[in-house]
Protein chains: 4
Amino acid sequence: MATGIEREMGRVEAFSDGVMAIAVTLLVLGLTVPAIGSEQSLASNLAHSWPEYFSYIVSFLVIGIVWMNHHRMFSLLVQVDRTLIFLNLFLLLWVVALPFTTSLVATYLLHGFDGSVAVAAYSAVSFMMAVGFTAIWSYATRPGSELLGPDVDPIALRSRTRGFYAGLVVYVFAFGIAFLSAVAGFILLAATTAYYAFDQLDG
Amino acid sequence: MATGIEREMGRVEAFSDGVMAIAVTLLVLGLTVPAIGSEQSLASNLAHSWPEYFSYIVSFLVIGIVWMNHHRMFSLLVQVDRTLIFLNLFLLLWVVALPFTTSLVATYLLHGFDGSVAVAAYSAVSFMMAVGFTAIWSYATRPGSELLGPDVDPIALRSRTRGFYAGLVVYVFAFGIAFLSAVAGFILLAATTAYYAFDQLDG
Amino acid sequence: MATGIEREMGRVEAFSDGVMAIAVTLLVLGLTVPAIGSEQSLASNLAHSWPEYFSYIVSFLVIGIVWMNHHRMFSLLVQVDRTLIFLNLFLLLWVVALPFTTSLVATYLLHGFDGSVAVAAYSAVSFMMAVGFTAIWSYATRPGSELLGPDVDPIALRSRTRGFYAGLVVYVFAFGIAFLSAVAGFILLAATTAYYAFDQLDG
Amino acid sequence: MATGIEREMGRVEAFSDGVMAIAVTLLVLGLTVPAIGSEQSLASNLAHSWPEYFSYIVSFLVIGIVWMNHHRMFSLLVQVDRTLIFLNLFLLLWVVALPFTTSLVATYLLHGFDGSVAVAAYSAVSFMMAVGFTAIWSYATRPGSELLGPDVDPIALRSRTRGFYAGLVVYVFAFGIAFLSAVAGFILLAATTAYYAFDQLDG
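Everything numeric here is computed off the predicted structure, so don't read it as measured data. (Residues numbered from 1 in each chain as written. Chains lettered and ligands numbered in written order. Predicted model: local features only at pLDDT ≥ 70, side-chain atom pairs only at ≥ 80, totals over all residues.)

**Observations concerning the overall build of chain A**
Move 1: A tally of helices and strands in chain A yields 8 helices and 0 strands.
Move 2: Traced from its N-terminal end to its C-terminal end, chain A shows the element sequence α-α-α-α-α-α-α-α.
Move 3: The C-alpha extent of chain A, read off along each of the three principal axes, is 65 × 40 × 30 Å.
Move 4: Split into buried and exposed, the 203 residues of chain A put 49% on the buried side.
Move 5: Long-range contacts, defined here as pairs at least 24 residues apart, represent 80% of the contacts in chain A between residues at least 6 apart. (Helix = DSSP H or I, 4+ residues; strand = E, 2+ residues; numbered from the N terminus. Buried ≥ 20, exposed ≤ 12 C-beta atoms within 10 Å, placed from the backbone. Contact = placed C-beta atoms within 7 Å.)

Rendered as structure tokens:
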């Protein structure tokens, strides 16, 4: 029979997986069906909606990679406590907001200063998501943590913390770039995502 | 091989986790993208939408804490019966309605008496949610209950029942306050949520 | 280590639980926030929306009870084959359609003949859901079935099949009643649901 | 206690099941409730919406069969690595887009050239989904793969790879047919889906 601790870990992971799976799937609601009776052909309307597809793909990858990292992080843990559950909720709060900022970017990317504001909002939510990750990581790997399994080396893990802070800096930077060029800011966010994807594959 | 009882517990937890994960994620649909072509800038429109963000965060925490409490409560159980499954459905009925009352508050908070009605509706649904919790708890910890594990003390558990009734009173109180000031009523609900969050962390 | 058969059962249950959990939660999207700027007060608008709340509660219970029965049915099985998975998909096809027919009823219940059509559509989807259940049950308990555990008695189970056919008849009846009175037809559907809920509790 | 590898497999399956369960359930949002106050009766409006129901059923079966195949494929695996997780995300990216292309078809099927574009878009997303499947399959069954269990024969598995390429060809063909007749193209896609369903049942 599964122990209580196992069941608790399992439910936190299941809840997190559920939230991330739903958030990633709700992105499809940002792909809008052009209204019947438009003056333009459907093909032309779809072609003009490229920011929707672009932001859909970027956000899908962002949430997918958040899930992969969450997955990797939790595979190091043997138990969870309430602080960790609370930090995890904080992370999910921002993951769930991502479809909203994605729709902002999809709608406003090509609309001048409004596009800059949309990409800045996207960067801000990404930043908070990274804060959530950094907090979970720092808490789980802190000296004396009882959350890690006996076969992981906390010191080796903590050496990776720097990578989390680097992520924070990139999002601040993208926030600033957004005001020079919304498209450039969003491409920087996309590139950061791609970088983390490949880092994942190498690691 | 997992026993039937384990599988049954597992499915009730998985269904509940699923419903709560989806309800919490659907909250994002209450964050509206301002329509293109508004007279105001996107930044200004977003700033005026602060009740949406505020109610999103409050409801996210509410459902998160409901999930934490559900989680803790079910970790005391070793089996479920049909009455408990039915009470659990009753609880979920109100959890699922929360994104609706959240949108009511987000839309009407600053609209005079309509705001009071919105916060009162929110309080009413929160109250019913608390009724659901109290019913599950009372049923599971009743004298002679076969749902609890052998290593939990029903008397110690029943002493906590008072805390559940306190929650009921707060929601009735918030319902009344809403008609004096919608914002004050909603802040009271938010503060109650925060209180339960910290109680969780201490407990 | 979990065997392949256990994992396969687990995934079918998890997928079904997921679909039912999402379908039940999407019902909240049928609860509409009255548009700002209406001539009526929010309280009055909400009061006039009672068919939305009524149909929400009925459909929540319907899906909840479908889930309970699914749960009970699958707890008798020790394995699944492809035919069963396919019949299960057929059942889910109609479960997922329920939020749509719920919105039809919520919108049209009080609109004369359109209300009758809406309740008839609801009955028709409920009928198909019952067909799906009957098919799964008949297939799983057929003579020579290898899906049942060694400790269940197929003859005793098959004696319950009559109850499934009774359900089918009720939905046909409700379909007809809907054209006499939409509200009466929907109340018959609600009462049938309540009956199954209590049957569950007794069984 | 479950091993790390088992837990990792479990979370990938759970995430995939979650995403597919949500995508399949979101299809219901494509079934639109006719607006109150239409000149036509509800019955007439619903009858004219048959492309919505047709595309709903086709897409439900498509995602259901994708899920069955995903299920069968993963039942051959004993572990996952990061490349497989990434290929799986690629597959899910297209599965999640299916409700969007379903709505395109439901809205435009009977609208001349726009209908052709809608069915072509549906074919294109189906094609990319098939690419995702083929990639997962080819990667998992490649010579020297460590992902397969000891009791599966990689050579026998690789002989099935041809079937995956056949699927790719059908979707390219449907893309072309769509420009001759949108309805014919969509029926070809539906027939392909049905074929895979029966193939499943026989296999």
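**A short note on the nonpolar core**
Move 1: Residues Val95 of chain A, Val95 of chain B, Val95 of chain C together with Val95 of chain D are the most contacted members of the largest nonpolar core, which totals 275 residues.
Move 2: If sequence neighbours within four positions are ignored, Val95 of chain D has contacts with Val19, Met20, Ala23, Ile63, Val66 and Met129 of chain D. (Core = buried A, V, L, I, M, F, W, Y, C linked by C-beta atoms within 7 Å.)

**A closer look at the relation of the copies chain A and chain D**
Move 1: You can overlay chain A on chain D at an RMSD of 0.0 Å; the transform is a turn of 90 degrees with a shift of 0.0 Å along its axis. In symmetry terms, the pair is related by a four-fold rotation axis.
Move 2: A distinct binding surface is used by each copy, with only 11% of the interface residues of chain A retained as interface residues in chain D. (Least-squares fit on C-alpha atoms with pLDDT ≥ 70 in both.)

**Quick notes on the interface of chain C and chain D**
Move 1: Facing the 32 residues of chain C at the interface are 28 residues of chain D.
Move 2: Elements supplying a minimum of two residues to the side of chain C that touches chain D: helix H1 (4–26), helix H4 (82–108) and helix H5 (113–140) of chain C.
Move 3: By residue number, the principal contributor to the side of chain C that touches chain D is H4 of chain C, which donates 14 residues.

**Describing the interface of chain A and chain D**
Move 1: Contact residues are listed per partner, giving 28 residues for chain A and 32 residues for chain D.
Move 2: Counting only elements with at least two residues in the side of chain A that touches chain D, the list comes to helix H1 (4–26), helix H2 (42–48), helix H3 (50–75) and helix H8 (182–202) of chain A.
Move 3: Per-element accounting of the side of chain A that touches chain D gives the leading share, 9 residues, to H1 of chain A.
Move 4: Here the residues of the side of chain A that touches chain D sort into 18 nonpolar, 7 polar and 3 charged. (Nonpolar A, V, L, I, M, F, W, Y, C, P; charged D, E, K, R; others polar.)

**What to know about the relation of the copies chain C and chain D**
Relating one copy of the chain to the other requires a rotation about an axis plus a shift along that axis.
Move 1: Mapping chain C onto chain D leaves a residual RMSD of 0.0 Å; the transformation is a rotation of 90 degrees accompanied by 0.0 Å of translation along its axis.
Move 2: A share of only 9% of the interface residues of chain C reappears at the interface of chain D, consistent with the copies meeting through non-equivalent patches.

**Focus on the confidence of the model for chain A**
Residue and element names in this part refer to chain A.
Move 1: With 93% of its residues at a pLDDT of at least 70, chain A reaches an overall mean of 86.
Move 2: Helix H6 (residues 154–158) is the least confidently modelled element of chain A, averaging 72 in pLDDT, while helix H4 (residues 82–108) averages 93, the highest of any element.
Move 3: The ipTM value of the predicted complex is 0.88, and its pTM value is 0.90. (pLDDT = per-residue confidence, 0-100.)

**Some remarks on the arrangement of the chains**
Move 1: Across all C-alpha pairs, the smallest distance from chain A to chain C is 9 Å, and the two are not in contact.
Move 2: The two units chain B and chain D never meet; even their closest C-alpha atoms stay 9 Å apart.

**Considerations on helix H4 (residues 82–108) of chain D**
Residues and elements named next belong to chain D.
Move 1: Taking 1.5 Å as the rise per residue, H4 with 27 residues should run 39 Å; its terminal C-alpha atoms sit 39 Å apart, in good agreement.
Move 2: Of all the bends in H4, the greatest, near 35 degrees, is centred on Leu98, and the proline Pro99 appears no more than four residues after it.
Move 3: Most of H4 sits inside the fold, with 23 of its 27 residues counted as buried. (Expected span 1.5 Å × (residues − 1). Bend = angle between axes of the 7 residues up to and from the residue.)

**What to know about the packing of H3 of chain A against H4 of chain A**
All names here are of chain A.
Move 1: Packing of H3 against H4 brings their axes to within 9 Å, and their N-to-C directions diverge by 160 degrees. Classed by the angle they form, the pair H3 and H4 counts as roughly antiparallel. For the crossing formed where H3 meets H4, the hand is right-handed. Where H3 approaches H4, its residues Pro51, Glu52, Ser55, Tyr56, Ser59, Val62, Ile63 and Val66 are matched on the opposing element by Val95, Leu98, Thr102, Val105 and Ala106.
Move 2: In terms of residue class, the contact of H3 with H4 is built from 9 nonpolar, 3 polar and 1 charged. (Axes fitted to C-alpha atoms, helices over the stretch in contact; angles between N-to-C directions. Parallel < 35°, antiparallel > 145°, perpendicular 65-115°, else oblique. Left-handed = near helix turned anticlockwise from the far one by under 90°.)

**What about the environment of Ile65 of chain A?**
All names here are of chain A.
Move 1: Within the secondary structure, Ile65 sits in helix H3.
Move 2: With 20 C-beta atoms counted inside 10 Å, the residue Ile65 sits in the buried group.
Move 3: Taking the C-alpha atoms as reference, Ile65 lies 9.1 Å from Ala194; in sequence the two are 129 residues apart.

**Here we look at the packing of helix H5 (residues 113–140) of chain B against helix H7 (residues 161–180) of chain B**
All names here are of chain B.
Move 1: For the pair H5 and H7, interaxial distance at closest approach is 8 Å and the crossing angle is 170 degrees. In terms of orientation, H5 and H7 fall into the roughly antiparallel class.
Move 2: In terms of residue class, the contact of H5 with H7 is made up of 17 nonpolar, 7 polar and no charged.

**Let's talk about the environment of Phe54 of chain D**
All names here are of chain D.
Move 1: One can find Phe54 in helix H3 (residues 50–75).
Move 2: Residue Phe54 is classed as partly exposed on the basis of its C-beta count, with 17 C-beta atoms lying within 10 Å.
Move 3: Sequence spacing of Phe54 and Thr102 is 48 residues, and the spatial spacing of their C-alpha atoms is 9.7 Å.

**Quick notes on the environment of Pro34 of chain A**
Residue and element names in this part refer to chain A.
Move 1: Considering the arrangement of structural elements, one finds Pro34 in the loop between H1 and H2.
Move 2: For Pro34, a count of 18 C-beta atoms within 10 Å translates into the label partly exposed.
Move 3: Distance in space between the C-alpha atoms of Pro34 and Glu52 is 12 Å, their sequence separation being 18 residues.
Move 4: Filtering out sequence-adjacent residues up to four positions away, Pro34 remains in contact with Leu42 and Asn45.

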